[in-house]
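# Architecture and fold: a report
In case you want the letters, here they are:
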Amino acid sequence: MFDFQDVVGQEAVKEHFRTAVASDRVSHAYMLIGEAGFGKGTLADAFAKMLLCERDPLHPCGICHSCKQVQAGTHPDVIHVTHEKPNTIGVDEIRSQLDAEVVIRPFSGRRRVFIVPDADKMSVQAQNAALKTIEEPPEYAVILLLCSREDALLETIRSRCVKLRLHPVPDRELLSWLRGLEGVTEEQAELAAGFARGNSGKAREMALSESFRERCAADLRLLTELPEGGAEQLAAGIARIREDHPDPGTFLDFVRMYCRDLLVLKNRGRREDLIFPEWEKELTRAAVQSTLPGIGRILEETERTEERLRANVNPELAIELLLLAVRQSTGKGK
Ligand SMILES: [Zn+2]
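Residues numbered from 1 in each chain as written. Predicted model: local features only at pLDDT ≥ 70, side-chain atom pairs only at ≥ 80, totals over all residues. Heavy atoms only, no water.

Attention now moves to the pairing of strand 3 (residues 112–116). Working note: regular strand, side chains alternate between the two faces of the sheet. For strand 3, a buried count of five out of five residues is recorded, marking the element as mostly surrounded by other parts of the structure. Burial along strand 3 is two-sided: the face carrying R112, F114 and V116 and the face carrying V113 and I115 are both buried. In this sheet, strand 3 lies alongside strand 2 (residues 78–80) in parallel orientation, the contact comprising three bridges. Bridge pairing in strand 3 places V78 opposite V113. Between strand 2 and its parallel partner strand 3, the chain crosses via helix 4 (residues 91–102), and the hand of that crossover is right-handed. As paired elements, strand 3 and strand 4 (residues 141–147) share five bridges and run parallel to each other. Of the residues in strand 4, the one forming a bridge with V116 is L145. (Buried < 20%, exposed > 50% of the residue type's maximum accessible area, 1.4 Å probe, protein only. Helix = DSSP H or I, 4+ residues; strand = E, 2+ residues; numbered from the N terminus. Pairing = 2+ DSSP bridges. Right-handed = clockwise from strand over helix to strand, strands pointing away.)

Here it is as structure tokens:
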């Protein structure tokens, strides 16, 4: 673990690190910016391994004492700043784990690497404490701030960091990577790649998760049965969606994929063109009951739901409106 090949995509970031090491121009402070699941932590650890490998910094050997310690998470010169409260990093945590540690010289190699996951959760005081170190770091210190929201950090910190942005991985690249993972079937790979929006961490989790498949089955059952169901089924559906989709956006993704399959079937597409081939029977039944304008209305309503959620409309209400649109799409429901 902790090599660049453990992270799919993000070539620009990897290249930046390689060039910095090769030319011996490593900066003292970096920001790795990207949403959770993009691989910030693995990239940071891989970079630490490069900086500390005793044999070949450009291609960390994985077998020297230093590499083994980085891999085991026990290297005394790699400090992962931790925090107790889930949503904040307090000033004391930065003082004790960064400011006080940074003055200690490296135990073995040339560098000490400080990795701050969730750096955007630092309180303002914590950021000011970190700033002291970032402004005048000892020559051996390398500080990596991992964050998903760049603007949560003070400009004074941002302006002193090299900013490296992570990006969604293109679907095709993600799919071929998922196919190579142990324990992932072709069907799971496709399903996960379709949902993950380029997020490799989420994709892997979905591909390997049994509950993800169950969730898909439950979503599909709800959508196909809704037009004939009553108010009770609607209410139960909303409750389950809220529980199964902590981020309601993933349910909207599902609805879009469902509509795509209905359209494929309406256009006499084949089973292999479906995103959910194993549910061909249920989908065909739903496709027969739906009209093209009805499917179009569901897609429009999905867009509208996304806007409502962005505008902070109550998620239960937003989903209810969407499900009502699904119910009416066949012209049978009321
Ligand atoms: Zn090594």
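Let us now look at the domain arrangement of the chain. Structurally, the chain comprises domain 1 (4–165), domain 2 (171–208) and domain 3 (211–328). One C-alpha centre belongs to domain 2, the other to domain 3; they are set 21 Å apart. Between domain 2 and domain 3, the residue contacts involve eight residues of the former and 13 residues of the latter. Summing both partners gives a buried area of about 990 Å² for domain 2 against domain 3, and 63% of it is carried by carbon and sulfur. Of all residues in domain 2, E187, L191 and F195 give up the largest surface area on contact with domain 3, accounting jointly for 59% of the area buried on that side. At the junction of domain 2 and domain 3, the tally comes to two salt bridges. (Domains from an automatic or database assignment. Contact = heavy atoms within 4.5 Å. Buried area = accessible area lost by both parts, 1.4 Å probe. Salt bridge = Lys/Arg side-chain N within 4 Å of Asp/Glu carboxyl O.)

Coordination of the zinc ion by the protein involves C53 (SG), C61 (SG), C64 (SG) and C67 (SG), with metal-donor separations of 2.2 to 2.3 Å. Around the zinc ion, the four donor atoms are arranged such that angles at the metal cover 104 to 120 degrees; this shape is classified as tetrahedral. Coordination of the zinc ion draws on donor residues from a single chain, spaced C-x7-C-x2-C-x2-C in sequence. On the criterion of sequence distance, the pair formed by C53 in the loop between helix 2 (40–52) and helix 3 (65–72) and C67 in helix 3 is long-range, its members being 14 residues apart. When sorted by exposure, C53 lands in the same class as C67, which is buried. (Donors = N, O, S within 2.8 Å, 3.2 Å for Na, K, Ca; no water. Tetrahedral: all angles 85-135°; square planar, octahedral: opposite > 155°, others 65-115°.)

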